[in-house]
Amino acid sequence: MQPFRFQLPADPETHAGDAARASRRAFLKTSAVAAGGFLLELSVLPGSQGAAAAATSPPSKGLAPAAFVHIAPDETVTIQVNRLDFGQGVQTALPMLIAEELDCDWQHVRGELAPAADVYKDPVYGMQMTGGSGSVAHSWLQYRQIGATARAMLVSAAAARWKVKPAQCHTESGAVIGPHGQRASYGSLAASAQRQPVPAEVVLKDPREFRLLGKPTPRLDARAKSTGVPMYGMDFKLPDMKVAVLARPPVFGGKVAHFDASAAKAIKGVHEIFEIPYDRGGTAIAVVADGYWPAKTAREALKIEWSHAGLTPADTDAMLAEYRSLANNPGTVARPGDLSKLASAPRKIVAEFTFPYLAHAPMEPLNCTVRLSEHGCEVWAGTQFQTVDQQAVARVLGLKPEQVKLHTLMAGGGFGRRAVPTSDYTVEAVQVAKGWRARGRHEPVKLIWSREDGIQGGYYRPVYLHRAEIGLDAHGQVLGWDHRIVGQSILSGTPFEKFAVKNGVDSTSVEGFANTPYALPLQVSVHNTEVNVPVLWWRSVGNTHTAYVMETLIDELAQAAKQDPVAYRRALLGDKHPRHLAALELAVAKSGYGTKTLPKGHAWGVAVHESFGSVVAYVVEATLVDGKPKLLHATAGVCCNFAVNPLTVEAQVQGAALMGLGTTLPGAAITLKDGIVGQSNFDRYIVARMPDMPRIDVHLVPSAAAPTGMGEPGLPALAPAYANAIAALTGKRLRALPFDLEKA
């Protein structure tokens, strides 16, 4: 991998607002302050308590916990991260924002995942969550304002001590410096600083003044992760804790008709076996034991008769046949277009694309620990949806949300699976704890999903089918394009429906296509179907299929017009999409496309796509090995505006690219027959592994504009760029994922 380089332009964009004054009102609004209290408190603590210590120690009395910034006497600055870190690096990137404005010593900074609380709500979404690639983008001003406000209060405390004006003081590396050389460390000032009034306004740094932001910065948790220190949900333990597993219905929404637990109860270490309400109106059997192994062994010994009455079992083959029939007719229009010239077009491209269900398959399976008491409930989980899960737990137990203490633990991946509107796995754990307590037991309970549970447990990226009819003139120019998309709605029937389902169209079904930047006479319609399979966003959501269709068809259109695929894209983008062009030109320049001669049997592939406000372009090099596609090298041009931590951006793009590559591999599909999922582990559900990883070089378009999202945008354009390279090698257009050259 080539060295990573990043630098700010000589003349940063002024519209970023980085040096703008932030009024007190704007500060409180942006930071989503809790009613009746200030968001910012500086707390003098003897040490920072982690989740495990907090779980077993009584809370301190008379000391309100600091909302975002803790400064200890030993100069340690602990910053609360209002998100979940499940590999994307926000436990470093968000503290960087505060540390920059606070002028503290980065060597003394620590990041800590915040529990569920109103004060930690996303300032854009209005709920505490991690998703939509919005962590850094949404908290860009929020966290910087917190840092700037803390710095101002520390300066005021020092000025009062020295009897000078705050304007006579400045800060550097964790200390306030006075007009006569006086020096006071932040740790020595914290107690008096928290008694200072919150300033009416603060001034944020100009990007040209940044000393930390924009610099490649190693993650704060890198050493801890490499030595096994972080507290993942799977690692978390409480005294006397029991472990539970569930026997879930093989068909989604199924119910227990009868079960025999006599053999299971005879297994050593098994304590209780009972029925609980389960997701989607079904029921399940809970096994509670001393550990995972006896619980799992007992589950396998259960004899269960399931009822699927009233359910329509899903069959993916039959589903695709139904989808093809639907696609023959226009759906609900998501984007109107001029199709007047389509019927009379002298040439046509008619293409069908299919995409399977996809499981999230995070490295760490789902888990959740629950402790009930007479006064409330405590939950420990690696959740992306703190607010939603907290409220769901409260509903199940008949509590107020504030009676539910939800502790955020680090998670080993998620890709959307830990952000479920139904809070399925969290509710399961609480139902088990509730049933456990009803039987007179008071020990905390940890629910663990196995790998098989996770792959068969639903909430997949939906199956989608696209049908395109494109009319061309004699020169290959597009005269009209009728595009139809068929697939389940992710958001219908959820609390998010009112925000993203408009006029019968789930925006996640058509995103990245209905809003394409290309100048095309395009009409998009959609059929959102209902199937007895739970579906959910999957890393980059609708862009997982829309980018593939658009970018492979654009390549085919370039071929029809006898134009270079890069030049063709430039012409369609015009001068109204400079960020797309910048990302594309950067990827082209860094890859050597157009200037470098590839070895025989190798070919270029190109794609560019915007999602979550960021544009990622890939130029890839691929070949065939024993007749099978092989991706050798990918060069990414990324326009995400200002990159808070270029190392994190690079890692995100590389990880997303590998995940995108995984969707092309044979076996990367979830299939159902008679309502039962046909895959159960990584032997039958294929994900990309280390031998599949190509060389991936990441290059950033310099910018000082406010950051855009980066958790997901690296994924969508990889697969179509790869497919375009294979088409250049073989002449075959791959119209389905995963790849199958024999059927192309």
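The notes below deal with the structure included here.

## Regarding the sheet that holds strand 21 (residues 464–472)
A sheet is described by the order of its strands in space; here five strands give the open sequence 15-25-22-21-16, paired in mixed fashion. Each of the sheet's edge strands pairs with one partner strand only, and the pair in question is strand 15 (332–335) and strand 16 (347–355). Within the sheet, the average angular offset between the axes of one strand and its neighbour, ignoring direction, is 20 degrees. Bridge count for strand 16 against strand 21 is nine bridges, and the pairing is antiparallel. Paired with E352 across the two strands is R467, which belongs to strand 21. The strands touched by helix 9 (residues 316–327) within the sheet are strand 16, strand 21, strand 22 (478–488) and strand 25 (522–529), with strand 22 carrying the most contacts at an inclination of about 145 degrees.

## What about the packing of aromatic side chains?
By the definition in use, this model includes 16 aromatic pairs. Centre to centre, the rings of W140 and F210 are 6.4 Å apart; their planes meet at 85 degrees, and the pair counts as edge-to-face. Of this pair, W140 sits in helix 4 (residues 135–162) while F210 is found in the loop between strand 9 (201–203) and helix 6 (222–226), placing the two residues 70 residues apart along the sequence. Judged on exposure class, the residue W140 and its partner F210 are both buried. Measuring from centroid to centroid gives 5.1 Å for F236 and W380, while their planes differ by 25 degrees, and the two rings are stacked. Here F236 is found in the loop between helix 6 and strand 10 (242–247), whereas its partner W380 is found in strand 18 (residues 377–381), with 144 residues between them in sequence. Here W380 falls in the buried class, since its relative accessible area comes to 0%.

## Description of the pairing of strand 13 (residues 283–289)
Extensive coverage of strand 13 is indicated by the burial of seven of its seven residues. Of the two faces of strand 13, the one lined by T283, I285, V287 and A289 and the one lined by A284, A286 and V288 are each fully buried. As defined by bridge partners, strand 12 (residues 270–277) adjoins strand 13 across seven bridges and the pair is classed as antiparallel. Each bridged residue has a counterpart across the sheet, and for I273 the counterpart in strand 13 is V287. Here strand 12 hands over to strand 13 after five residues, with R280 in that stretch at a positive phi of 60 degrees.

## Brief notes about the packing of helix 15 (residues 543–560) against helix 19 (residues 718–730)
Direction vectors running N to C along helix 15 and helix 19 enclose 30 degrees, while the axes themselves pass 8 Å from each other. Between helix 15 and helix 19, the interaxial angle falls into the category roughly parallel. Helix 15 and helix 19 meet at a crossing whose hand is right-handed. Residues A547, Y548, E551, T552 and D555 of helix 15 pack against A719, P720, A723 and N724 of helix 19. Residue composition of the contact of helix 15 with helix 19, by class: five nonpolar, two polar and two charged.

## Description of the pattern of salt bridges
Using the criterion set out here, one finds 30 salt bridges in the structure. Among the salt bridges present, the one from D103 reaches R151, with a minimum N-O distance of 3.6 Å. Taken together, the residues span a long stretch of sequence, with D103 in the loop between helix 3 (90–102) and strand 5 (109–113) and R151 in helix 4 at a distance of 48 residues. Since its relative accessible area comes to 6%, D103 is described here as buried. Residues K225 and D221 are paired through a salt bridge, measuring 3.7 Å at the closest nitrogen-oxygen approach. By relative accessible area, D221 is classed as buried at 8%. The network of salt bridges with common partners includes E100, D103, R151, K205 and R211.

## Side note on empty space enclosed by the protein
With the rule as written, the count across this model stands at six cavities of 30 Å³ or more. Looking at the largest cavity, it is lined by 15 residues, and the ones nearest its centre are A361, P362, R417, G454 and I455. Among the residues forming the lining of the largest cavity, the class breakdown is eight nonpolar, four polar and three charged. The calculated volume of the second largest cavity comes to roughly 70 Å³. Only helix 15 and helix 19 provide two or more residues apiece to the lining of the second largest cavity. Among the elements that make up the lining of the second largest cavity, the one with the highest residue count is helix 15 (three residues). Of the residues contributing to the lining of the second largest cavity, the split by class is eight nonpolar, four polar and one charged.

## Notes on the side chain of T529
As for its placement among the helices and strands, T529 is situated in strand 25. The class of T529 is buried, set by a relative accessible area of 12%. A distance of 2.7 Å separates the side chain of T529 from the side chain of Y323, its partner in a polar contact. Of note is the side chain of T529, whose polar atom sits 3.4 Å from the backbone nitrogen of Q488.

## Looking at the nonpolar core
I470, W481, L520, Y548, L557, Y618 and V638 are the most contacted members of the largest nonpolar core, which has 83 residues in total. Of all the elements, helix 15 adds the most residues to this core, at eight residues.

## Considerations on the pairing of strand 25
A regular strand places its side chains so that they alternate between the two faces of the sheet. When you tally the buried positions in strand 25, you get seven out of eight residues, the bulk of the element. The pairing of strand 22 with strand 25 spans eight bridges and is classified as parallel. From the neighbouring strand, Q488 faces strand 25, where its bridge partner is T529.

## Some details on the sheet that holds strand 8 (residues 183–185)
Spatially, three strands are ordered 6-7-8 in an open sheet, and the strand pairing comes out antiparallel. Only two strands of the sheet have a single partner each, and these edge strands are strand 6 (170–172) and strand 8. Going across the sheet, the axis of each strand differs from the next one's by a mean of 30 degrees, ignoring polarity. Both strand 6 and strand 7 (residues 175–177) contribute to a ladder of three bridges, which runs antiparallel. Residue H170 lies in a different strand from strand 7, and its bridge partner there is I177. Helix 4 contacts strand 6, strand 7 and strand 8 of the sheet and is inclined by roughly 50 degrees relative to strand 7. Strands in contact with helix 5 (residues 186–193) are strand 6, strand 7 and strand 8; relative to strand 8, the strand with the most contacts, it is inclined by about 75 degrees.

## Focus: the packing of helix 3 against helix 4
What describes two packed helices is the angle between their axes and the distance between those same axes. For the pair helix 3 and helix 4, interaxial distance at closest approach is 6 Å and the crossing angle is 35 degrees. As for how helix 3 packs across helix 4, the hand of that crossing is right-handed. Between helix 3, through V90, A93, L94, L97, I98, E101 and L102, and helix 4, the contact on the second element is made entirely by S135, V136, S139, W140, Y143, R144, I146, G147, A148, A150, R151 and L154.

## Describing the side chain of R569
Here R569 is to be found in helix 16 (residues 565–573). Taking the relative accessible area as the measure of exposure, R569 reaches 0% and is therefore buried. A distance of 3.3 Å separates a polar side-chain atom of R569 from the backbone oxygen of V606. Those residues in contact with R569 that sit more than four places away from it in its chain are Y518, E551, I554, D555, L584, V606, A607, V608 and N724.

Reading the values: the criteria
- Residues numbered from 1 in each chain as written.
- Predicted model: local features only at pLDDT ≥ 70, side-chain atom pairs only at ≥ 80, totals over all residues.
- Heavy atoms only, no water.
- Pairing = 2+ DSSP bridges.
- Helix = DSSP H or I, 4+ residues; strand = E, 2+ residues; numbered from the N terminus.
- Axes fitted to C-alpha atoms, helices over the stretch in contact; angles between N-to-C directions.
- Contact = heavy atoms within 4.5 Å.
- Phe/Tyr/Trp six-rings, centres within 6.5 Å; stacked < 30°, edge-to-face > 60°.
- Buried < 20%, exposed > 50% of the residue type's maximum accessible area, 1.4 Å probe, protein only.
- Parallel < 35°, antiparallel > 145°, perpendicular 65-115°, else oblique.
- Left-handed = near helix turned anticlockwise from the far one by under 90°.
- Nonpolar A, V, L, I, M, F, W, Y, C, P; charged D, E, K, R; others polar.
- Salt bridge = Lys/Arg side-chain N within 4 Å of Asp/Glu carboxyl O.
- 1 Å grid on protein atoms, 1.4 Å probe; cavity = no way out; pocket = protein on both sides within 12 Å on 5 of 7 lines; lining within 4 Å.
- Points joined across faces, edges and corners; volume = space filled by probe spheres on them.
- Polar contact = N/O pair within 3.5 Å; in protein donor to acceptor, adjacent residues only side chain to side chain.
- Core = buried A, V, L, I, M, F, W, Y, C linked by side-chain atoms within 4.5 Å.

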